[in-house]
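# What the coordinates show
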Amino acid sequence: MSVVVGIDLGGSKIALGLVDAENRILSRRRIDTKSAAGLDNVITRIAEQVDSLRRELPAGQGITALGVGAPGPVDHITGDLLTLVNLPGISNSPFRRVLSQRLGLPVALDHDAKVAALGEFYFGAGKKRESMVYIVIGTGVGAAIIYEGRLIYGESNTAGESGHMTIDPHGPVCHCGSRGCLETYASGPALARHYAAASGEKIDGAQVSKRALAGDRAARQVLNEAGWALGIAVASLAMTLNIELFIIGGSVARAGDLLLKPARATLPGYAFQAVAARVRVQASQLGEDGAVLGAAWLARARGKLG
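Below or above, wherever it landed, is the structure these notes cover. (Residues numbered from 1 in each chain as written. Predicted model: local features only at pLDDT ≥ 70, side-chain atom pairs only at ≥ 80, totals over all residues. Heavy atoms only, no water.)

## Observations regarding the state of the cysteines
The condition is simple: Note on terminology: pairs of cysteine sulfur atoms within 2.5 Å are recorded as disulfides.
Taken as a whole and assessed by the stated rule, the structure comprises zero disulfides. With no disulfide of its own, Cys 174 lies closest to Cys 176 among cysteine sulfurs, the gap being 3.7 Å.

## Focus on the sheet that holds strand E2 (residues 13–19)
Which entries qualify depends on this criterion: At least two bridges found by DSSP between two strands is the condition for calling them paired. Numbering of helices and strands runs from the N terminus, with a helix taken as a DSSP run of H or I at least four residues long and a strand as a DSSP run of E at least two residues long. Orientation is described by axes fitted as lines to C-alpha atoms, over the contacting stretch for helices, and by angles from 0 to 180 degrees between their N-to-C directions. Two residues qualify as a contact provided that any one of their heavy atoms is within 4.5 Å of a heavy atom in the partner residue.
Pairing in this open sheet of five strands is mixed, and the strands run E3-E2-E1-E4-E7 from one edge to the other. Strand pairing shows two members of the sheet lacking a second neighbour, strand E3 (25–32) and strand E7 (107–111), which therefore form its edges. Direction aside, neighbouring strands of the sheet carry axes that sit 15° apart on average. The sheet contacts of helix H1 (residues 39–54) involve strand E1 (3–9), E2, E3 and strand E4 (63–70), and relative to E3 the element is tilted by about 155°. Against the sheet, helix H3 (residues 112–123) contacts E1, E4 and E7, and its axis sits at roughly 105° relative to E7.

## Here we look at the side chain of His 111
Mapped onto the fold, His 111 is located in strand E7. When neighbours within four sequence positions are excluded, His 111 is seen to be in contact with Ala 70, Gly 72, Val 74, Gly 142 and Glu 161.

## Re empty space enclosed by the protein
Applicable threshold: Grid points spaced at 1 Å and placed over the protein atoms alone form the basis of the search, with a cavity being a set where a 1.4 Å probe fits but cannot get out and a pocket an open set showing protein on both sides within 12 Å along at least five of seven lines. Lining residues have an atom within 4 Å of a point. Grid points are joined across faces, edges and corners, and a volume is the space filled by probe spheres set on the points. The nonpolar class holds Ala, Val, Leu, Ile, Met, Phe, Trp, Tyr, Cys and Pro. Asp, Glu, Lys and Arg form the charged class, and all remaining residues, Gly among them, are polar.
For the structure shown, the criterion picks out one cavity of 30 Å³ or more. Taken as a whole, the largest cavity spans an internal volume of roughly 50 Å³. Around the largest cavity, the lining residues are Pro 73, Val 74, Asp 110, His 111, Lys 114, Tyr 153, Asn 157, Thr 158, Ala 159 and Glu 161. Counted by class, the lining of the largest cavity contains four nonpolar, three polar and three charged residues.

## What to know about the pattern of salt bridges
For the record, the criterion: Just to be clear on terms, a salt bridge is a Lys or Arg side-chain nitrogen sitting within 4 Å of an Asp or Glu carboxyl oxygen.
The tally for this structure, following the rule as stated, stands at 11 salt bridges. Put simply, Asp 51 and Arg 54 hold a salt bridge, and the shortest N to O gap is 2.6 Å. Of this pair, Asp 51 and Arg 54 are both found in helix H1, three residues apart, which corresponds to roughly one turn of the helix. Among the charged side chains, a network of salt bridges with common partners joins Asp 20, Glu 22 and Arg 24.

Here it is as structure tokens:
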């Protein structure tokens with residue numbers, strides 16, 4: 001089995017990891033995404049980091065493939081990025097093909113939530129489970145459904161777009177054009193907006209989580225509301241899918257129980273008692289490493305390596 005690179009392409013940052021045959025991350029890189037600079041710029045900077053990682057390998061050993069997790073929607077078959085509201089500069093582009101040609105390596109690409117879910121399923125909180133739902137909360141909100149060991153894509157590849165489930169039809173307007181989406185309550189930008197409305201101070205979502213952990217009352221209220229929205233979403237998904245394990249990842253999930261406790265408390269009010277009693281909502285075990293390890297797994301699985 002070979003050395004591969006797992007890449008987590010995010011709205012604000014790109015994380016890369018050099019992963020060996022035992023699924024250990026040997027080395028890491030992290031750069032700003034800067035998607036507004038365009039596809040060529042993003043590809044060039046990723047390629048530079050991959051070349052840097054390659055130089056750390058012993059003589060005679062090389063990188064055999066790359067895996068990429070990208071915000072949706074994506075076409076996991078062609079490797080194209082579609083209309084990405086959080087990454088407009090690289091929307092509607094043949095990302096996988098361009099990166100593969102630039103580096104001369106096979107590249108596998110899928111939705112970031114699905115990729116992170118693969119990491120948790122094989123190496124983290126989902127180990128020894130047959131089914132699970134992974135919800136990633138960061139710049140946006142997405143989800144991946146694994147049922148009996150297989151990712152569920154749906155008929156047109158949009159299964160898991162839970163960030164745009166309606167929590168409140170009279171809620172805030174979402175950038176997708178709808179109202180009251182989960183993403184308008186629980187994403188990093190949503191936390192920042194709600195905190196600014198409550199306190200008059202403008203900080204980013206990560207800082208809201210940090211302040212909440214430090215005891216800031218306004219920040220805790222914002223996370224409580226985000227947890228309420230998350231609990232409704234989990235209840236709806238549990239009722240629809242009859243899956244019992246929900247793993248929450250992404251930067252916002254670092255708030256831990258300040259987010260997850262209100263989600264767990266809300267869940268029974270929106271699902272059958274028998275269903276809610278069996279549902280487990282827990283934080284990711286792997287954190288940011290889940291996306292990198294999942295992307296590495298994807299590189300090997302789709303490239304038939306190892």
